[in-house]
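A look at the structure
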Amino acid sequence: MKIVVIGGTGLIGSKLVNKLREHGHEAVAAAPNTGINTLTGEGLAEVLKGASVVVDVSNSPSWDDAAVLNFFETSTRNLLRYEAAAGVGHHLALSVVGTDQLSESGYFRAKVAQEKLIQESSVPYTIIHATQFFEFLKGLADISMVGDKVHLPPVLFQPMAADDVASAVGKVAVGSPANGIVEIGGPEQFRLDELVRRRLATLKDSREVVADPDARYSGAKISEKTLVPGNNARLGETRFETWLTQSAATGRAA
Ligand SMILES: NC(=O)c1ccc[n+]([C@@H]2O[C@H](COP(=O)([O-])OP(=O)(O)OC[C@H]3O[C@@H](n4cnc5c(N)ncnc54)[C@H](OP(=O)(O)O)[C@@H]3O)[C@@H](O)[C@H]2O)c1
């Protein structure tokens, strides 16, 4: 089966392309540096010829409110238009658990807009809502600075390894479109501030992490369960300590 992975050179995309190829599929990594740009439409008609499935795991290079909204709206519109013309039978996009409750955040308004375009299009689809990736914990600290300290609300948090995200996305990609949302998450629950504090300690990053009930997540106020998936979520296998050991051994942790 020919599967085009938009953002196929990124964190999730590169792992996904490898896994699909290991399972005998023709997986094509699509990104600006492979000649395919969803913002401009460059290369899309050509790469979608004969494709059964398109998986969109791209991300905006800029997270400024206007830039990220433009990225997800323009890219998704272009993709869906070219997919409909090429007869693609399944559009799969990766989004985030709790997206619909995070609209105070410019990034999440853009993800909501992306999801709406997909749901309104004629192309059969699946939207995967994943929890945060372990690889994103340092990035989460970086976007949560107040002065020289990291401020995070002590809410429930159930992140997962990028490798488990890619495996779950791959399984959905080779199945039938759900025409709905599928949730995936990690095998353990933590407190958000606690896990970021642990991650920074392993990186010997001396920033203090403050448990602040009024702190925002990516600009949005959140409650106890906003970031955790529902009971029907498919859970990854990799525990946080196992991931830490593996990523320290390979030196690949972000
Ligand atoms: N971070 C989290 O914890 C989390 C949790 C749940 C869901 N997600 C979602 O997961 C998705 C993937 O995240 P990621 O961390 O794997 O992303 P990433 O590593 O930043 O990769 C982004 C990919 O998008 C490509 N791209 C950028 N501009 C493009 C364009 N104009 N046309 C085509 N491709 C373009 C990039 O190509 P170049 O490298 O060539 O620029 C790269 O391959 C995102 O949609 C995000 O919302 C993230």
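Let us look at the structure shown here. (Residues numbered from 1 in each chain as written. Predicted model: local features only at pLDDT ≥ 70, side-chain atom pairs only at ≥ 80, totals over all residues. Heavy atoms only, no water.)

Take the overall build of the chain next. The secondary structure content of the chain amounts to 8 helices and 12 strands. The C-alpha atoms of the chain give 18 Å as radius of gyration, which agrees with the globular expectation for 254 residues (18 Å, within 12%). A principal-axis box enclosing the C-alpha atoms of the chain has dimensions of 50 × 35 × 35 Å. When the 254 residues of the chain are sorted by exposure, 52% land in the buried category. In the chain, the proportion of contacts linking residues at least 24 apart, taken out of those at least 6 apart, comes to 81%. With an accessible surface of roughly 11300 Å², the chain has 50% of that area assigned to carbon and sulfur atoms. (Helix = DSSP H or I, 4+ residues; strand = E, 2+ residues; numbered from the N terminus. Rg over C-alpha atoms; globule rule 2.2 N^0.38 Å. Buried < 20%, exposed > 50% of the residue type's maximum accessible area, 1.4 Å probe, protein only. Contact = heavy atoms within 4.5 Å. Areas by Shrake-Rupley, 256 points an atom, 1.4 Å probe, with all protein chains shown as cover.)

Read from one edge of the open sheet, 7 strands run β2-β1-β3-β4-β5-β9-β12, paired in parallel fashion. Edge positions in the open sheet fall to β2 (26–30) and β12 (234–235), since each of these has one partner strand only. Pairing of strand β4 (residues 90–96) with strand β5 (residues 125–130) involves 6 bridges; the strand directions are parallel. Opposite H91, over in β5, you have Y125 as the bridge partner. (Pairing = 2+ DSSP bridges.)

Enumeration according to the criterion identifies 10 aromatic pairs in this entry. Ring geometry for F72 against Y107: centres 6.1 Å apart, planes inclined by 90°, an arrangement best described as edge-to-face. Placement of F72 in helix α3 (residues 65–86) and of Y107 in helix α4 (residues 106–120) is noted, with a sequence separation of 35 residues between them. For the residue pair F72 and Y107, the accessibility class agrees, reading buried in each case. With a centroid separation of 6.0 Å and 40° between ring planes, the pair formed by F108 and Y217 is classed as tilted. Separated by 109 residues along the polypeptide, F108 in helix α4 and Y217 in the loop between β11 (209–211) and β12 bring together distant segments of the chain. Note on accessibility: F108 and Y217 belong to one class, buried. (Phe/Tyr/Trp six-rings, centres within 6.5 Å; stacked < 30°, edge-to-face > 60°.)

In the contact formed by helix α1 (residues 11–22) and helix α6 (residues 162–173), the axes pass within 9 Å of each other and the chain directions differ by 55°. The angle between α1 and α6 falls in the class oblique. Judged by the twist between their axes, the crossing of α1 over α6 is right-handed. For the pair α1 and α6, the contacting residues are L11, I12, K15, L16, K19 and L20 in the first and A162, D163, V165, A166, S167, V169 and G170 in the second. (Axes fitted to C-alpha atoms, helices over the stretch in contact; angles between N-to-C directions. Parallel < 35°, antiparallel > 145°, perpendicular 65-115°, else oblique. Left-handed = near helix turned anticlockwise from the far one by under 90°.)

This brings us to the nonpolar core. Counting residues in hydrophobic clusters, the biggest one holds 30 residues, and the most contacted among them are F157, L192, V196, Y217, L227 and F240. Mapped by element, the contributors of at least two residues to this core are α3, α4, α5 (137–142), β7 (149–152), α7 (192–202) and α8 (240–250). Those residues in contact with L192, other than ones at most four positions away along the chain, are L140, L152, P153, V155, F157, Y217 and L227. (Core = buried A, V, L, I, M, F, W, Y, C linked by side-chain atoms within 4.5 Å.)

Geometry only, nothing functional implied.
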